[in-house]
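Report on the structure
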Number of protein chains: 2
Amino acid sequence: MAEGVPTGLSPHDHAACRADGLSRVEAICEDRGLRLTKARRRTLEILLESHVALGAYEVLERLAAEGLGAQPPVVYRALNFLVDNGFAHKIEGRNGFVACVSPGAEHDPAFLICRACGRVGEATIATRELDRSADLSDFAVERTVVEAEGVCARCRKEP
Amino acid sequence: MAEGVPTGLSPHDHAACRADGLSRVEAICEDRGLRLTKARRRTLEILLESHVALGAYEVLERLAAEGLGAQPPVVYRALNFLVDNGFAHKIEGRNGFVACVSPGAEHDPAFLICRACGRVGEATIATRELDRSADLSDFAVERTVVEAEGVCARCRKEP
DNA sequence: CGGCTAAATGTTATATAATAACAGTCGGCG
DNA sequence: CGCCGACTGTTATTATATAACATTTAGCCG
């Protein structure tokens with residue numbers, strides 16, 4: 001992925017996108033000795049089905065319908081596992097979650113969030129101005145949240 | 001404020017900072033015909049007391065103690081008024097609120113959030129890389145959320 | 001294999017954050 | 001004064017997230 005180019009909003013072969021996302025995560029888990037259990041895998045698959053940010057309770061409904069646990073902690077554990085290991089991201093501005101488009105790679109993600117269709121594009125960008133602000137006040141950054149909310153190209157064309 | 005230089009984390013005359021914040025907002029409300037009612041003014045004052053991001057319910061407790069309404073809608077209305085008019089900001093990563101350090105001026109704020117002391121520095125920065133990503137996919141940005149969580153200089157010196 | 005241990009899951013309950021809906025009140029203006 | 005729109009009061013509910021503890025499972029080691 002070229003730096004700065006967002007993935008997820010543009011037309012693409014989504015079946016391949018999903019399959020690829022899953023197999024990458026499987027490989028990484030194998031590598032690192034992480035256990036991609038049934039609930040975790042299924043949660044990831046649900047997120048991979050679209051680039052729309054899903055709320056934890058939306059995911060939970062899906063899991064519950066399949067008999068994979070009906071209580072909030074089930075889905076929050078799975079989501080936290082995915083987020084902690086870089087397989088998914090939390091969209092703070094929406095209290096939602098999306099699968100990562102380049103799982104495993106350390107990156108500071110930035111998101112383009114369409115308020116019309118809910119889809120989220122993910123880009124890996126440098127945050128030079130933010131880094132500079134942090135340097136200026138001797139602040140040690142551990143995590144960044146960079147999100148832009150607006151309207152995607154498709155929704156502007158077909159309102 | 002020089003662009004990119006964060007305000008709020010560095011030592012400063014906070015009494016002046018508070019007074020200034022309040023009088024600027026008063027002036028802007030006068031200008032624009034906005035009503036800075038008792039609950040709104042008091043909410044702003046509470047936020048101005050520190051650069052710590054406060055939860056809505058923390059503000060509510062303070063308001064309730066002073067007899068200014070004990071129910072959530074009271075504080076959410078006041079906070080929404082302040083945020084909508086650029087007098088305060090929501091810190092998405094914390095579900096908290098801070099007073100704006102340059103109220104009234106249109107700006108894309110960026111925040112440095114100390115996870116140790118909770119204080120929040122605010123800077124006005126350009127988001128060139130993010131803008132470029134948006135341009136690349138013909139995405140119309142309406143609002144940006146830029147936050148960095150970490151540890152401020154003071155907390156790193158005095159752990 | 002058998003049993004120990006750590007990790008993961010199941011479950012109940014509760015904390016925290018935010019809004020819907022509607023009735024009542026206040027303030028400016030004709 | 002009396003109307004109207006903005007603001008406030010209040011009840012109830014929805015949405016998001018976690019605490020705490022019991023139980024089960026998977027992997028390891030003897």
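Computed from a predicted structure; not experimentally measured. (Residues numbered from 1 in each chain as written. Chains lettered and ligands numbered in written order. Predicted model: local features only at pLDDT ≥ 70, side-chain atom pairs only at ≥ 80, totals over all residues.)

**Things to note about the overall build of chain A**
Note the cut-off: Secondary structure counts use DSSP, requiring at least four H or I residues in a row for a helix and at least two E residues in a row for a strand, with both numbered from the N terminus. Atoms counted for the radius of gyration: C-alpha only. Globule rule: 2.2 Å times the number of residues to the power 0.38. We call a residue exposed when 12 or fewer other C-beta atoms sit within 10 Å of its C-beta, buried when the count reaches 20 or more, and partly exposed for counts in between; the C-beta positions come from the backbone. A residue pair is marked as a contact if its C-beta atoms, positioned from the backbone, fall within 7 Å.
Looking only at helices and strands, one finds six helices and five strands in chain A. Helices and strands appear in chain A in the N-to-C order α-α-α-α-β-β-β-β-α-β-α. A compact globule built from 159 residues would reach a C-alpha radius of gyration of about 15 Å, and chain A, at 16 Å, matches this within 12%. Viewed in the frame of its principal axes, chain A has a C-alpha envelope of about 50 × 40 × 30 Å. Per-residue burial for chain A yields a buried fraction of 36% across its 159 residues. Considering only contacts within chain A whose residues lie at least 6 apart along the sequence, 61% involve residues at least 24 apart.

**Digging into helix α1 (residues 14–32) of chain A**
One full turn of an α-helix is made of 3.6 residues, so residues set three or four places apart face in the same direction. The test is simple: One less than the number of residues in a helix, times 1.5 Å, gives the span that helix is expected to have.
An ideal rise of 1.5 Å per residue puts 27 Å on 19 residues; α1(A) measures up with 27 Å between its terminal C-alpha atoms. Downstream of α1(A) by one or two residues, Gly33(A) has phi in the positive range, about 70°.

**What to know about the relation of the copies chain A and chain B**
For clarity, the threshold we go by: Superposing the copies works by least squares over the C-alpha atoms of residues that have pLDDT at least 70 in both of them.
It takes a turn of 180° to lay chain A on chain B, together with a shift of 0.0 Å along the axis; the resulting RMSD is 0.1 Å. The transformation just described matches what one would write down for a two-fold rotation axis. For chain A, the minimum C-alpha distance to the rotation axis belongs to Val146(A) and amounts to 2.3 Å. A high fraction, 100%, of the interface residues of chain A reappear at the interface in chain B, so the copies pair face to face through one surface.

**Quick word on the protein's contact with DNA strand D**
Stated formally: As used in this record, a residue near a molecule or strand is one whose C-beta atom, placed from the backbone, is within 6 Å of it. All amino acids are sorted into three groups, where Ala, Val, Leu, Ile, Met, Phe, Trp, Tyr, Cys and Pro are nonpolar, Asp, Glu, Lys and Arg are charged, and the leftover types, Gly among them, are polar.
In the neighbourhood of DNA strand D, 18 residues make up the surrounding shell, with Pro72(A), Thr37(B), Gly69(B), Gln71(B) and Pro73(B) lying closest. Secondary structure elements with two or more residues in the surface near DNA strand D: α3 (56–65) and α4 (72–84) of chain A together with α2 (38–48) and α4 (72–84) of chain B. For the surface near DNA strand D, the leading source of residues is α4(B), giving four residues. Of the residues assigned to the surface near DNA strand D, the class counts are nine nonpolar, five polar and four charged.

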